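One letter stands for each residue in the lines below.
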Amino acid sequence: MSDHLNIVEHPLVQHKLTLMRETGTSTAVFRQLLREISLLLAYEVTRGLPMMTRSIETPLERMDAPVLAGKKLALVSILRAGNGLLDGILELIPSARVGFVGLYRDEETLQPVQYYFKVPTELEDRLVIAVDPMLATGNSSAAAIDLLKEAGATNIRFLCLLAAPEGVARMKEAHPDVPIVTAALDSHLNEKGYIVPGLGDAGDRMFGTK
Ligand code: URA
């Protein structure tokens, strides 16, 4: 994966995203759509993974068949909304190792502060896919990637559902080596830091909170 920003323009992704954006979509339907769309996004974010061959026996003959090479990949959810994307991806990659990064924004400094960090061992040998549905200012995403790099990760991809230009720019400045895969690049952030037109608060919509 070489481009810094990859927008998944597949018709199924775009259709499901439109349904998710709509105000009238219920929590149950939003969750189901998120699960479905995360499978499709997982397909894109894992493009180009290194492969090797294994000698196998089919009912007809022996062949050298392609399988994934290297250590199991690591999925890292940026709490709490990242968990919504994580569930679907784990269905597609059940053997992935899973980590969590929790950050909150300090009211005075406005800087992200870490409250939870638990990641798989040997991060340096794994492809690490960090997931967070909304790339808004990019501050918490960039901080989460900083922590993953401090923990040894060198090969990181970032997966989100929606991105704002501000967040993409922030990530490109802080982590030009981390490609971003998203279903859409929206117009801008509003004064409260929401992505416009967006879909509202992703955590609230998937968990039914307010
Ligand atoms: N986080 C969200 O959940 N929604 C936004 O629009 C921005 C950040």
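Residues numbered from 1 in each chain as written. Predicted model: local features only at pLDDT ≥ 70, side-chain atom pairs only at ≥ 80, totals over all residues.

Visitor: Can you explain the nonpolar core? Please cite residues and give values.
Guide: Val128, Ala130 and Val131 are the most contacted members of the largest nonpolar core, which has 54 residues in total. Residue contributions to this core peak at six residues, all from helix H2 (residues 27-45). (Core = buried A, V, L, I, M, F, W, Y, C linked by C-beta atoms within 7 Å. Buried ≥ 20, exposed ≤ 12 C-beta atoms within 10 Å, placed from the backbone. Helix = DSSP H or I, 4+ residues; strand = E, 2+ residues; numbered from the N terminus.)

Visitor: Give me the lowdown on the UniProt feature "binding site: uracil" (unreviewed entry) in the chain, citing residues and values where you can.
Guide: The UniProt record annotates "binding site: uracil" (unreviewed entry) at Ile195, Gly200, Asp201 and Ala202. Residue placement: Ile195 occurs in strand E14 (residues 195-196). Along the chain, Ala202 turns up in helix H6 (residues 202-207). According to the C-beta neighbour criterion, Ala202 is buried, with 25 such atoms within 10 Å. Not counting residues within four places of it along the chain, the set of residues in contact with Ala202 comprises Ala81, Gly84, Pro133 and Met134. (UniProt positions renumbered as here; feature names shortened; annotations may be inferred. Contact = placed C-beta atoms within 7 Å.)

Visitor: Now, about helix H4 (residues 139-150): what can you tell me, with residues and values included?
Guide: Across its 12 residues, H4 extends 17 Å between first and last C-alpha, which sits within 8% of the 16 Å expected from 1.5 Å per residue. Of the residues making up H4, those classed as buried are Ser140, Ser141, Ala142, Ala144, Ile145 and Leu148. Positioned one or two residues after H4, Gly152 has a phi angle of 115°, which is positive. (Expected span 1.5 Å × (residues − 1).)

Visitor: Explain the packing of H2 against helix H3 (residues 82-92) to me, using residue names and the numbers behind them.
Guide: Orientation of H2 relative to H3, taken along the N-to-C sense of each, is 60°, at an axis distance of 8 Å. The angle between H2 and H3 places the two elements in the oblique class. Crossing of H2 against H3: the hand is right-handed. Mapping the contact onto sequence places Leu34, Arg35, Ser38, Leu39 and Ala42 in H2 and Gly84, Leu85, Asp87, Gly88, Ile89, Glu91 and Leu92 in H3. Classifying every residue of the contact of H2 with H3 gives six nonpolar, three polar and three charged. (Axes fitted to C-alpha atoms, helices over the stretch in contact; angles between N-to-C directions. Parallel < 35°, antiparallel > 145°, perpendicular 65-115°, else oblique. Left-handed = near helix turned anticlockwise from the far one by under 90°. Nonpolar A, V, L, I, M, F, W, Y, C, P; charged D, E, K, R; others polar.)

Visitor: Talk me through the environment of Cys160; I want residue IDs and the actual numbers.
Guide: Mapped onto the elements of the fold, Cys160 is located in the loop between strand E9 (155-159) and strand E10 (162-163). Other than its neighbours up to four places away in sequence, Cys160 contacts Asp132, Pro133, Met134, Leu135, Ile180 and Thr182.

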